[in-house]
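So the chains spell out like this:
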Amino acid sequence: MTAADVVIGIDLGTTSAKAAARPVSGRRRGDCCVEQPTPWHAGPRGQSEIDPYRLLDLAVELIGRAARAAESAWGPVRVRGLGVAGMAESGVLLDGAGRPAAPVIAWFDHRGGHQIEQAGRHVPGFAAAFERTTGLPWSSQASIAKLLWLRASGCPAGPASRWLSVPEWIVFGLGGDLVREPSLASRTGLIDQGTGELWPAAAAVAGLPAGILPEDRPAGVPAGRLRRDGVDSRAAGAVLTVAGHDHPVAAIGAGVVDKDDLFNSSGTADVLARCLQGTLAEPQRQAVVSAGWSIGRHVLPDTSLLLAGVSGGLLLRRVLAALGAESADARAALDRASLSVGELPAGLSVTGDGRTQDDVVLRIKDGATPAAVWTAAVRYTADQARLLLDDIEQVVGPHRRAVAAGGWTRMASVRAAKSAAIKAVVFSPAAQPGITGAAMLAAFAIDGNGMPLADFIRESTSLDDRSESAQDISAKE
């Protein structure tokens, strides 16, 4: 029996790492998805890190599981391409021999905060220049903060050192090339958004060599072949590509590729990702960062991505727990009941963002049924996203089309609230758009046929079920 050609997309996330196998051509029959928790090591004072080789082992395990799942579903398979997406800011410092010199520090780890403050004081005007040049806030999140902390902790970057984001490290560890992918590099704080190249002033402040970042290699461009021992034999020799930062990769997995399109990722955070043509000028970048957002490179050529978000998913999770609706059956019953709620009872409100135990505030009077409380919560979180979107559009203009995806959008009540809050929103059927997008980029790397990436994504998306409105989905349900 002839083996079917498949590609595998990997998304290395904060909470979990996922992979999906997908046929290279023809209408897909449903991606074969697998998932495992990301095994961070928790240290004192909220520190989180992981051994780079542990992350590589995790990727190898996911490749094997995805290949086996595909073979179980479709018969013999051959993995022809592999795309790796994932979290940005976190990365691996390599020594001159190409070996990891330090653990991977989680992007949300605050190490480097003190060094950022010191650098801001010792180099007058640098913090402001950093924001308008890189499109990122001057904070401990960017990779430059991790590199400053490593240098202060006795692990400086040597003349031949390199910095790789997590997806770039996985591709390199699997036998691929040393490359920097633009959407990931733009989250390091080392890139001048105007040129797309290393910003010498940032490298100087962090004491980094001129070659700290490898050569540019866009998402969907081959970056070598899989040649690591111990990987499932069905994937041997597969073409590798760094698919990029998880947010823009998820956007293309949901079919969001056009100028002025908006992607709403509705998970733990309610993320708004806005496609913008070309590169923003420095004053616009400063306006974006001053508003509390960030701007960087998209995985699509000649496209920028504005990122902003609120923590709506955390609030929804806490409200479900308070209502005793954490099981699938209880959650489904609450979801159905919510659709019958019209005007909320007087005095009922749910506010907060769920980031801490005490910042979800519920106010109730008589008539506040569980369905009404849940409806108040989903409407509040949708309204918070709308207010954020209103602010964004004052800076970059209105969006043309919006596509929402992610775990919360599987609930009809959430879809109804989003439809009322976000203009022209439709809902993607992709359950895991991040790994779908990574797999699409892997397919492009092996068989792009010379077409532009955006056209390839449109064609690939047309083979899947198209996005639908909340009303269309509710009618099916």
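For the structure itself, look to the data block above.
Bear in mind the structure is a predicted one, so any value in this text is a computation, not a measurement.

### With respect to helix α3 (residues 126-134)
Every α-helical turn comprises 3.6 residues, leaving residues that sit three or four positions apart pointing alike.
No. 1: Those residues of α3 that fall on the buried side of the exposure criterion are Phe-126, Ala-129, Phe-130, Glu-131, Thr-133 and Thr-134.
No. 2: Looking one or two residues past α3, Gly-135 carries a phi angle of roughly 80°, positive in sign.

### Describing the sheet that holds strand β14 (residues 239-245)
No. 1: Taken in spatial order, the five strands of this open sheet run β3-β2-β1-β6-β14, and their pairing is mixed. At either margin of the open sheet sits one strand with a lone partner, and together these are β3 (32-37) and β14. Sheet twist, expressed as the average angle between the axes of neighbouring strands with direction ignored, equals 20°.
No. 2: Pairing of strand β1 (residues 4-12) with strand β2 (residues 16-23) involves seven bridges; the strand directions are antiparallel. Following the sheet pairing, Asp-11 is matched in β2 by Lys-18.

### Overview of the nonpolar core
If you look at soluble globular proteins, the nonpolar side chains tend to sit buried side by side.
No. 1: Judged by nonpolar contacts, the single largest core of 47 residues is most densely connected at Ile-8, Ile-10, Ile-63, Leu-82, Ile-170, Leu-174 and Leu-226.
No. 2: Counting only elements with at least two residues in this core, the list comes to β1, β2, β3, α1 (52-74), β6 (77-86), β7 (91-94), α5 (166-173) and β14.
No. 3: The element best represented in this core is α1, accounting for 11 residues.
No. 4: For Leu-82, the residues in contact, after removing those within four places along its chain, are Ile-8, Ile-10, Ile-63, Leu-174, Leu-226, Val-239, Leu-240, Thr-241 and Ala-442.
No. 5: Counting 38 residues, the second largest nonpolar core, distinct from the first, contains Leu-272, Ile-295, Ala-402 and Ile-422.

### Comments concerning the sheet that holds strand β8 (residues 104-105)
No. 1: Strand order in this open sheet of three strands is β4-β5-β8, and the pairing throughout is antiparallel. Unpaired on one side and paired on the other, β4 (41-42) and β8 mark the two borders of the sheet.
No. 2: With two bridges connecting them, strand β5 (residues 48-50) and β8 associate as antiparallel partners. Its bridge partner being in β8, Glu-49 is matched across the sheet by Ile-105.

### Notes on unusual backbone geometry
No. 1: A positive phi is found at Asp-260, a non-glycine position, where the angle reads about 70°.
No. 2: Counting through the fold element by element, Asp-260 comes out in the loop between α8 (246-253) and β15 (261-266).
No. 3: Residue Asp-302 is not a glycine yet carries a positive backbone phi of 50°.

### Considerations on the packing of α8 against helix α14 (residues 433-447)
No. 1: The contact between α8 and α14 brings their axes to 7 Å, and the two run at 80°. What the angle tells us is that α8 and α14 run roughly perpendicular. Together, Val-249, Ala-250, Ile-252 and Gly-253 of α8 and Pro-433, Gly-434, Thr-436, Gly-437, Ala-438, Met-440 and Leu-441 of α14 make up the contact between the two elements.
No. 2: Across the contact of α8 with α14, the residue classes break down as seven nonpolar, four polar and no charged.

### A closer look at the pattern of salt bridges
No. 1: Enumeration over the complete set of coordinates arrives at 22 salt bridges.
No. 2: Measuring nitrogen to oxygen at the nearest pair gives 3.0 Å for the salt bridge that ties Asp-5 to Arg-78. Of the two residues, Asp-5 is situated in strand β1 and Arg-78 in strand β6; the sequence distance between them amounts to 73 residues.
No. 3: A relative accessible area of 27% places Asp-5 in the partly exposed class.
No. 4: For Glu-282, the salt bridge identified is with Arg-132, shortest N-O distance 3.7 Å. Of the two residues, Glu-282 is situated in helix α9 (residues 282-290) and Arg-132 in helix α3; the sequence distance between them amounts to 150 residues.
No. 5: With a relative accessible area of 35%, Glu-282 lands in the partly exposed category.

Each value, and the rule that gives it
Residues numbered from 1 in each chain as written. Predicted model: local features only at pLDDT ≥ 70, side-chain atom pairs only at ≥ 80, totals over all residues. Heavy atoms only, no water. Buried < 20%, exposed > 50% of the residue type's maximum accessible area, 1.4 Å probe, protein only. Helix = DSSP H or I, 4+ residues; strand = E, 2+ residues; numbered from the N terminus. Pairing = 2+ DSSP bridges. Axes fitted to C-alpha atoms, helices over the stretch in contact; angles between N-to-C directions. Core = buried A, V, L, I, M, F, W, Y, C linked by side-chain atoms within 4.5 Å. Contact = heavy atoms within 4.5 Å. Parallel < 35°, antiparallel > 145°, perpendicular 65-115°, else oblique. Nonpolar A, V, L, I, M, F, W, Y, C, P; charged D, E, K, R; others polar. Salt bridge = Lys/Arg side-chain N within 4 Å of Asp/Glu carboxyl O.

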